[in-house]
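What follows is the residue order along each chain.
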2 protein chains.
Amino acid sequence: MNAFYPALAGEFTRLLDRLRHRKVAVVGHARPDGDCIGSQVGMARILTAAGCDVTCVNADVVPRRLQFLVPGMTFVRTDEILRDTTDYAAVFVDSADHARPGDRLKARFPAPVANIDHHISNIGYAEINLVDSGSSATAEIITGLALDHGLTIDAQAAQGLYAGIVTDTGQFRFASTSRRTFLLAAELLARGARPPEVGLELYERESLGKMQLLQHYLASLKMECGGRVCIGTLAKGIFEKTGTSGEDTEGLVDYARSINGVDIGVLIEERADGSVKASLRAKDAVYRLDLVAGEFNGGGHACAAGLNLKHDTANFYQRLLTALERQIAVVDREKKGTS
Amino acid sequence: MNAFYPALAGEFTRLLDRLRHRKVAVVGHARPDGDCIGSQVGMARILTAAGCDVTCVNADVVPRRLQFLVPGMTFVRTDEILRDTTDYAAVFVDSADHARPGDRLKARFPAPVANIDHHISNIGYAEINLVDSGSSATAEIITGLALDHGLTIDAQAAQGLYAGIVTDTGQFRFASTSRRTFLLAAELLARGARPPEVGLELYERESLGKMQLLQHYLASLKMECGGRVCIGTLAKGIFEKTGTSGEDTEGLVDYARSINGVDIGVLIEERADGSVKASLRAKDAVYRLDLVAGEFNGGGHACAAGLNLKHDTANFYQRLLTALERQIAVVDREKKGTS
């Protein structure tokens, strides 16, 4: 047997012991993405095959794009689980901190049994913490642990875990993509994962409205900081005009980032209620966009961060640009210092 | 040792014997793509490490996007190799037929020693034919053969072969992506392939002009055949307006295909000289777009085909649409017959 996660083997064995014959809640984060839902599906089916009674829990609904992963699975939302007084053993997945699934879910599950995650900022808030920031996706960790322990991964679990890896590696493209990532993907294919279906459902079910949204975004692109930052803005009213919603903005920011010479791409959404949302994406982790987003009460990864401003949105474009300029200057200074 | 291509082992051994101490020309096809250049780089370096003196040959220049794969390599073009009277042993890669590299290169190398390819239409025009249409890429075949035979794949070869696989699987998305594809990708990473660089160079070095071209294409999209066909047209003069060229149209047609409900996406380019070029992409191989393109003297794969019309371009949009409607009717009839 391959040992994909030897350092986590003892703790994972302890988790399986703790969950034996328990009712388990597999809790994902708010606004769930492919790695979140895929990890929930994978973990839920692996635990079910191992004899647990499992419910998946999210603050938000499973996005339309990810529905193909969950047929036959039990996904419930916050209100429902608050009414349910069952003594669940809670397993949090893909949630960098205890509150990422939402404050009400944090209160409902004050002492998670486990926390399985790959975010570098995860400090371990559960009894058993299976955290590896060297992994491309939470789904990668779950796949490796399950294989290391000889657990059954059925075709639906394999498809979910595969979709999680595809999502969080940007289709095997990000720096986190390793030899292990590919070896695990091969094992998932052997167990029933279907790349064409994942590709079709994740990337080829776009609406015409989404294409129009993209068109608006492309038309709005502005080069800043001497071409190192590219910012596009979705002005108020565009969602209504194109028949789209906030969910449809996913991936737009990558167009700004993908331009030659651009180090940081930005998407700004002006919402009808006066709030502002921004997504930041860097080509290189040195830009620590989590810190830039943090200045506006946002957060995320070094290469991919975001923020939501409900108040105090005046001059947001200029203030964000100033923060980015400052951050680029810091990076340039450090580069100079080390060269 | 894994046996990735047991059925080709004998013929590959025979090829290595035939090439020993020879001057070898590794010939790719015209308008080379990532799998062509990547396979040439991989094959050339593997053969060089095995003691051959290798030159890569193409009718066209190595595209800008693929230049990162070839530093230090010898790539020559048709005129140069026609002046060179060396008695090369020719190895054709990724070329479905003898003339795909161009008629002049076919004449220069009338009897190729080998033909390594994954196109289903390849009928074997060389002395030794290493053809496997079950492989996602020619680079996959070369990687598997080299590993099976314990040949050295250095970091540059690994990067080229990895880029070939990424290109021809659409980033591990097409139906041809198999467990073997992932296992070989893992081996290439172990030998120095770098996914972030490949992703960056292939997909994140877009020009602003290319983004504007995309914007024009999106604005031109028309739904046809009840939403099952989506056609976008780049009108005459757009290349000049956006500072782009024909090379920049790569990938545009995928936006049409990616729309929900669309089975076939089409890109039509109206060139300044009055000629017309069309790219056809289907979500499913049943649509046999190679046959549709064939009606206009084009060709390709079942899911990805293309054509070039220099004359007789009047009413092209309508004539192509009629051909597509007819093909969809054939497919629907066959589906009905088997259900």
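Analysis parameters
- Numbering of residues starts from 1 in each chain and follows the order in which that chain's sequence is written.
- Chains and ligands are labelled by the order in which they are written, letters from A for the one and numbers from 1 for the other.
- Note on the predicted model: pLDDT of at least 70 is required for a residue's local features to be given, and 80 or more for side-chain atom pairs to be given and counted; whole-chain, interface and lining totals, by contrast, use all residues.
- To get the side-chain values, all heavy atoms of the structure are used, and hydrogens and water are removed first.
- DSSP bridges decide pairing: two strands pair if at least two such bridges lie between them.
- Numbering of helices and strands runs from the N terminus; a helix is a DSSP stretch of H or I covering at least four residues, while a strand is a stretch of E covering at least two.
- The contact criterion used is simple: two residues touch if any of their non-hydrogen atoms lie within 4.5 Å.
- The axes used here are C-alpha line fits, helices contributing only the stretch in contact, and every angle between their N-to-C directions lies in the interval 0 to 180 degrees.
- Buried area is understood as the total, over both parts, of accessible area removed when two parts are fitted together, assessed with a 1.4 Å probe.
- Should a side-chain nitrogen of Lys or Arg be within 4 Å of a carboxyl oxygen of Asp or Glu, the pair is scored as a salt bridge.
- Throughout this description, a polar contact denotes any pair of N or O atoms lying within 3.5 Å of each other; where both atoms belong to protein, one of them has to be capable of donating a hydrogen while the other can accept it, and for residues adjacent in sequence the pair is counted only when both atoms sit in side chains.
- Residue ranges assigned to the domains are those given by an automatic or database domain assignment.
- All amino acids are sorted into three groups, where Ala, Val, Leu, Ile, Met, Phe, Trp, Tyr, Cys and Pro are nonpolar, Asp, Glu, Lys and Arg are charged, and the leftover types, Gly among them, are polar.

**Q** Please explain the sheet that holds strand β11 (residues 299-300) of chain B as it appears in this structure.
**A** The strands that make up a sheet pair up through hydrogen bonds in the backbone, lying either parallel or antiparallel. All names here are of chain B. The six strands lie next to each other as β7-β8-β9-β10-β12-β11, forming an open sheet whose pairing is mixed. The two strands at the open ends of the sheet, each matched to only one other strand, are β7 (222-224) and β11. Docked against the sheet, helix α13 (residues 316-338) engages β7, β8 (229-234), β9 (264-270), β10 (276-282) and β12 (304-309), running at close to 160 degrees with respect to β9.

**Q** Just to check I follow, could you spell out the interface of chain A and chain B for this structure?
**A** When the parts of a complex come together, some accessible area is lost, and that lost area is often used as the size of the interface. Contact residues are listed per partner, giving 39 residues for chain A and 39 residues for chain B. Across the chain A to chain B interface the summed buried area is about 3600 Å²; carbon plus sulfur atoms make up 62%. When the buried surface of chain A facing chain B is broken down by residue, R173, F182 and E204 of chain A rank first, second and third, together holding 20% of it. Seen at the junction of chain A and chain B, the total is six salt bridges. Note that E204 of chain A and R173 of chain B form a salt bridge whose closest N and O atoms lie 3.3 Å from each other. Our count for the contact surface shared by chain A and chain B stands at 21 residue pairs in polar contact (both at pLDDT 80 or more). If you list the elements that add at least two residues to the side of chain A that touches chain B, you get α7 (179-190), α8 (195-203), α9 (208-220) and α11 (252-257) of chain A.

**Q** Looking at this structure, I do not really get the domain arrangement of chain A. What am I missing?
**A** All names here are of chain A. According to the domain assignment, chain A consists of domain 1 (6-203) and domain 2 (209-338). The gap between the C-alpha centroids of domain 1 and domain 2 is 28 Å. Counting residues at the interface gives six residues for domain 1 and seven residues for domain 2. Regarding the contact of domain 1 and domain 2, the summed buried area is about 580 Å², with carbon and sulfur atoms giving 37% of it. On the domain 1 side of the contact with domain 2, R31, R65 and H119 bury the most area, a combined 52% of that side's loss. Where domain 1 touches domain 2, the interface holds one salt bridge. For the salt bridge of E250 with R65, the shortest nitrogen-to-oxygen distance reads 2.9 Å. On the surface where domain 1 and domain 2 come into contact, there are two residue pairs in polar contact (both at pLDDT 80 or more). Along the lines of polarity and charge, the residues of the side of domain 1 that touches domain 2 split into two nonpolar, one polar and three charged.

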